[in-house]
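The chain contents come next:
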Amino acid sequence: MLRTSAISIFLLSMLALGCSKPLTVAETPTDAKAADGSYISWKEHLIDDEGVNGGVPIRGGDGLQMADLDQDGFEDIVSVHEDNHHVRLAFGTGDPDKWVLATLAEGAEAAAAEDASVADANGDGWPDIVVASELAHLIYFQNPGNVPQIRSGDWPRTIPRKTQMRGSWIRVFFADYDGDGRPEVSAPNKGDQLGYLGSRPDAFEDKAVSWFDLPADPLAEGDQWEEHVLYQVKLPMNAQPVDLDGDGDLEIFSGTRFEMRPFWFENQGGSPPEFVYHAIEVTGRNEPKPEKFQGKRLTGMNVVFEDMNKDGRLDVILQETPLIVVWMEQPAGFDQPWPLHKIGDLGPDTSTGLALADINGDGRLDLMTGGYSSGLREADSDKVTVDNAVGRLAWWEQPEDVSQEWTLHNISRRKRGMYDAFIPRDLDGDGDVDFVTTRGNSAEFDGVLWLEQVRTKQPVPNFQPARASESQHLPMP
């Protein structure tokens, strides 16, 4: 069982003493400890938002990538923002609180930009970018290889013809599936993003999980991206590269939001490579509350891969329901069920982005996550209470026995916020893990930020927000 945290004990004590207003999660003294005995808390730093960038409305922070785009020795950030249709660049300077900002795309060509991937697609030594738009197409940006032009955001681009007029592209990945040293692109097409919201379930049409073989010049030959359809299913949600069977080439992990099941494609090699579809049967399902989530999730959209039980086979960390996060144990044979092991329950909030990292320095990988607020995005609502799903940041500490439930450490809880992606990095160079993340669902507070891990000898509040004026902080229910 999940160990009772000091936070819960503290709040109960406050209430027992007659205090009418419990501390918010951010104000509560941390109970999280590092392996050296110091206490872990978090400080928020802004990288890109309307207040930092002079009013560019980058709302709906979503996908996130880091790479040295301008080859100056510092990692840069590619972020996508779906609500106001932006792809943004933040160029590193060596100081994690100083970034050079630029817009790579906006408007119709980045309509509801949802995800991005970075790789050298044309072999010129400079990282290129591909973006999936949830209201449009895939779009490819070729690095101009000239530092002033790179930093201006003025990159040549093309929209591959075969990705147009097909509705929503939800994820996208560069990956070398055929082993020739050049990346291909894989992506799921979700179909009509607006139409399906009001459709009957039996009105859904199957849509493709695909990979694209790129021409020698992906920019000049944008009409020659060759699509290979792997599978068709209602509302596919992923096409993520991973060497799942450990044979040295890349498989593709996927899932469907309509049928609520994951599946994967085994790479058989060849040029072009052949893929074999494998369904995934699971055992050990949890019984979530509320019951509306019972057996209705496991979409395979946000996933992390790691050999959790050290048996030589990659396992999968994912959401079983919006509230419950699990790791799915890869069996010895592809035809066998995958057992589920519960990591924890974030209820009443939901888990969105996931990232593994050794947060407390004990040699075991912990899990960072963030919640998806369900209320208004433009302003805090009086109807949103502590019992609703709100914008939450938290991490789970891995136990010695990985099959047991993990220890939850809350960071912050605000009425508005959605954290779709996390990248672990030691940005301040102090030897512990920080996180870069995007924020959505909170209007002018949306954007890109980083969470600094702070270690102290004594407990301090869980979270130091970057702004004095913010979406309302909340306690736990």
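The shown structure was predicted, so the numbers you read here are calculated from the model rather than taken from an experiment.

Calculation notes
- Sequence order sets the numbering: in each chain, residues are counted from 1 along the sequence as written.
- Since the coordinates come from a predicted model, pLDDT governs what is reported: local features require at least 70, and pairs of side-chain atoms require 80 or more to be given and counted, while whole-chain, interface and lining totals use all residues.
- In computing side-chain properties, one takes all heavy atoms of the structure into account and sets aside hydrogens as well as water.
- In this analysis, strands are considered paired if DSSP registers two or more bridges between them.
- Numbering goes from the N terminus for both helices and strands, where a helix is a DSSP run of H or I of at least four residues and a strand is a run of E of at least two.
- In this analysis an axis means a line fitted to C-alpha atoms, helices contributing only their contacting stretch, and an angle means the value between N-to-C directions, from 0 to 180 degrees.
- In plain words, nonpolar cores are sets of buried Ala, Val, Leu, Ile, Met, Phe, Trp, Tyr and Cys residues tied together by side-chain atoms within 4.5 Å.
- Three labels apply to residues, based on accessible area from a 1.4 Å probe with only protein chains included: buried if under 20% of the type maximum, exposed if over 50%, partly exposed otherwise in between.
- Whether two residues are in contact is decided by their heavy atoms: any pair within 4.5 Å suffices.
- Salt bridges are counted wherever a side-chain nitrogen of Lys or Arg sits within 4 Å of a carboxyl oxygen of Asp or Glu.
- Each residue gets a pLDDT score, which is the predictor's confidence in that residue and runs from 0 to 100.

**Brief notes about the sheet that holds strand E17 (residues 261-267)**
Here is step 1: Strand order in the open sheet formed by four strands is E15-E16-E17-E18, with antiparallel pairing between adjacent strands. In this open sheet, the two edge strands, each paired with only one partner strand, are strand E15 (240-242) and strand E18 (275-279). Mean inter-strand twist for the sheet, computed between neighbouring axes without regard to direction, equals 30°.
Here is step 2: Examined bridge by bridge, E15 and strand E16 (residues 251-256) share three bridges and lie antiparallel to one another. Note that in E16 the partner of Pro241 across the bridge is Ile252.

**A closer look at the nonpolar core**
Here is step 1: If you look at the biggest cluster of nonpolar residues, it comprises 20 residues, and the most contacted ones within it are Leu69, Val87, Ile129 and Val131.
Here is step 2: When residues of this core are traced back to their parent elements, those giving at least two are strand E3 (76-81), strand E4 (86-92), strand E5 (99-106), strand E6 (113-119), strand E7 (128-133) and strand E8 (138-141).
Here is step 3: The residues touching Val87, leaving out its near neighbours within four places in the chain, are Val78, Ser79, Val80, Thr103, Leu104, Ala105, Ala110, Ala113 and Val131.
Here is step 4: Judged by nonpolar contacts, the second largest core, of 19 residues, contains Ala34, Ala355, Met368 and Val433.

**Topic: the pattern of salt bridges**
When their charged atoms lie close together, side chains carrying opposite charge are able to pair.
Here is step 1: What the rule picks out here adds up to 27 salt bridges.
Here is step 2: Between Glu470 and Arg439 there is a salt bridge whose closest N-O contact spans 2.6 Å. Remark: Arg439 occurs in strand E29 (residues 434-439) and Glu470 occurs in the segment after strand E31 (463-464); sequence separation between them is 31 residues. For the pair Glu470 and Arg439, a shared accessibility class is recorded, and that class is buried.
Here is step 3: Because the salt bridges share partners, they merge into one network encompassing Glu44, Asp49, Arg414, Arg439, Arg467 and Glu470.

**Re the confidence of the model for the chain**
Here is step 1: Across the chain, pLDDT averages 92, with 92% of residues at or above 70.
Here is step 2: For the stretch residues 1-18, pLDDT sits under 50, and the model shows 21 contacts to residues farther than four places along the chain or on other chains.

**What about the sheet that holds strand E28 (residues 422-425)?**
Backbone hydrogen bonds hold the strands of a sheet together, and the pairing may be parallel or antiparallel.
Here is step 1: Taken in spatial order, the five strands make up an open sheet running E28-E29-E30-E1-E31, and their pairing is mixed. Looking at the sheet topology across the chains shown, the edges are occupied by E28 and E31.
Here is step 2: By the bridge criterion, two bridges tie strand E1 (residues 39-49) to E31 in an arrangement that is parallel. Looking at E31, one finds that Trp42 is bridged to Phe463.

**Here we look at unusual backbone geometry**
The general pattern is negative phi for most residues beyond glycine and trans for most peptide bonds.
Here is step 1: Along the chain, Ser271 connects to Pro272 via a cis peptide bond; the corresponding omega equals 0°.
Here is step 2: When you line up the elements, Pro272 lands in the loop between E17 and E18.
Here is step 3: With an omega dihedral of 5°, the bond running from Gly347 to Pro348 counts as a cis peptide bond.
Here is step 4: Take Pro348: it is sitting in the loop between strand E23 (338-345) and strand E24 (354-357).
Here is step 5: One non-glycine residue, Ala112, lies in the positive phi region at around 55°.
Here is step 6: Structurally, Ala112 is set in the loop between E5 and E6.
Here is step 7: Backbone geometry places Lys310, a non-glycine residue, at a positive phi of 55°.
Here is step 8: By the element assignment, Lys310 lies in the loop between strand E20 (303-306) and strand E21 (315-319).

**A word on the environment of Arg297**
Here is step 1: Considering the arrangement of structural elements, one finds Arg297 in the loop between strand E19 (282-283) and E20.
Here is step 2: As for Arg297 and Glu109, which are separated by 188 residues in sequence, their C-alpha atoms are 32 Å apart.

**Structural notes on the pairing of E6**
Here is step 1: With respect to burial, E6 is a largely interior element, seven of its seven residues being buried.
Here is step 2: Of the strand pairs in this sheet, E6 and E7 are connected by six bridges, and their pairing is antiparallel. Pairing of Ser117 across the sheet is with Val130, part of E7.

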